[in-house]
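As a plain string of letters, each chain reads:
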Amino acid sequence: MRLHLSTWPEVETYLNRSRTILIPIGSTEQHGPNGLVGTDALCPEIIASATEDLTDMLVGPTFSVGIAQHHLGFAGSMTLRPSTMIAVMKDWTDSLIRHGFERIFWLNGHGGNVATIQAAFAEIYSERSLAPPSNTKPNDLRLKSMNWWELPSVMDVCRREFPTGDGMHATASEVAVTYAGYPDQVRSVEMSPKIAPVGGFRDADDYRSRFPDGRIGSDPSQATVEKGKTIIAAAANSLADTFRRFADEA
Ligand code: NI
């Protein structure tokens, strides 16, 4: 069930049976020569959409711009500052709390978001911890985040589909997931070198000089719609189970 495709009475009815919502969260940043700029936002969105058929789950709007300052050397990349992202995540959370949501599952598609998501959680919990004692009991807020590739069993499937050159950025797996989600967006691009270099980076200029075509450690020319479908099916099964357990945990 998609929040954007629901009416408010339908959301109210959902709240009578569940207090848990899933928010796909990603980034808008270059993904190498054949990967879509929206890859990190599209992957959790596509996986969430495949999971809707498997379990009763409300999926909120995709938080689609994240921490991508290091990708700004490539056309189309957009970023939030960490402080902005924390503030926006807090406003999204407070809006949902007002309606009675108590468990918010952020399904993440971008490794660069992880530290800031954790900082946002700390900020949100801090406000509650520092509030003066009150007679009204605050709601039982629980925030969870998970990277989609860390859903149980998903990494095994990715390694099986791409034994070499899955890589760290513009991975074959994530590009395959977007191709399966949008089969009319498949690109065929020669990669040179076949597998991109690996290493660290600092800011946008440093990243571009170390990784001239944007990839890190990957050969995403291996990505196909079929392989993407296999990964999505595994991720959706795993997400359905993980979401249910989060919704039901004591
Ligand atoms: Ni990515």
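As shown above, the structure is provided for reference.
Throughout, residues of each chain are indexed from 1 in the direction in which the sequence is written. Only residues with pLDDT of at least 70 get local features here, since the model is predicted, and only at 80 or more are side-chain atom pairs given and counted; chain-wide, interface and lining totals rely on the full set of residues. Computation of side-chain values covers all heavy atoms of the structure but excludes hydrogens and water.

Protein coordination at the nickel ion comes from His 31 (NE2), Asp 40 (OD), Glu 174 (OE) and Glu 174 (OE), with a distance range of 1.9 to 2.8 Å. Atoms are scored as donors when they are N, O or S and lie within 2.8 Å of the metal, with 3.2 Å used for Na, K and Ca; no water is included, so coordination may look incomplete. For a four-donor site, all angles between 85 and 135 degrees give tetrahedral; for four or six donors, opposite pairs above 155 degrees with the remaining angles between 65 and 115 give square planar or octahedral; all remaining cases count as irregular. The coordination sphere of the nickel ion comprises four donor atoms, whose angles at the metal cover 50 to 133°; the geometry is irregular. For the nickel ion, all donor residues lie on one chain, and their spacing in sequence is H-x8-D-x133-E. Of this pair, His 31 sits in the loop between β1 (20-25) and α2 (39-51) while Glu 174 sits in helix α6 (residues 172-181); the two residues are 143 residues apart in sequence, bridging distant segments of the chain. This pair shows no difference in class: His 31 is buried, exactly as Glu 174 is. Every helix listed is a DSSP run of H or I at least four residues long, and every strand listed is a run of E at least two residues long, numbered separately from the N terminus. Residue burial is assigned from relative accessible area. The probe radius is 1.4 Å, only protein chains are included, and a residue is buried under 20% of its type maximum, exposed over 50%, and partly exposed in between.

Pairing between strands is defined by DSSP: at least two bridges between them are needed. Strand direction decides the pairing type here: strand β3 (residues 103-108) and strand β4 (residues 142-147), joined by six bridges, are parallel. In the strand pairing of β4, Arg 103 is matched with Arg 142. The definition of a right-handed crossover adopted here requires that, viewed with the strands pointing away, the path from the first strand over the helix to the second runs clockwise. Following the backbone out of β3, through helix α4 (residues 114-130) and into the adjacent parallel β4, one traces a crossover that is right-handed.

Between its terminal C-alpha atoms helix α3 (residues 82-99) stretches 26 Å, which fits the 26 Å expected from 18 residues at 1.5 Å a residue. Looking only at α3, the buried set comprises Met 85, Ile 86, Met 89, Lys 90, Thr 93 and Leu 96. Mapping the buried residues of α3 onto a view down its axis gives an arc of 135°, with all of them on the same face. Exposed and facing more than 90 degrees away from the buried side of α3 are Ser 83, Asp 91 and Arg 98. A helix's residues, less one, multiplied by 1.5 Å, set its expected span. Taken from the helix axis, the directions to the C-beta atoms give the arc we talk about.

Attention shifts here to the layout of surface pockets. Cavity: a set of points on a 1 Å grid over the protein atoms alone where a 1.4 Å probe fits but cannot get out. Pocket: an open set with protein on both sides within 12 Å along at least five of seven lines, its lining residues, like those of a cavity, having an atom within 4 Å of a point. Grid points are joined across faces, edges and corners, and a volume is the space filled by probe spheres set on the points. The computed volume of the largest pocket comes to approximately 500 Å³. What lines the largest pocket is a set of 27 residues, and nearest its centre among them are Trp 149, Gly 167, Met 168, His 169 and Thr 171. Of all the elements in the fold, those that place two or more residues in the lining of the largest pocket are α5 (154-161) and α6. Think of it as three bins: nonpolar holds Ala, Val, Leu, Ile, Met, Phe, Trp, Tyr, Cys and Pro, charged holds Asp, Glu, Lys and Arg, and polar takes everything else, Gly as well. In terms of residue class, the lining of the largest pocket is built from 10 nonpolar, 12 polar and five charged. Computed from the structure, the second largest pocket encloses a volume of approximately 170 Å³. What lines the second largest pocket is Arg 128, Ala 131, Pro 132, Ser 134, Thr 136, Lys 137 and Pro 138.

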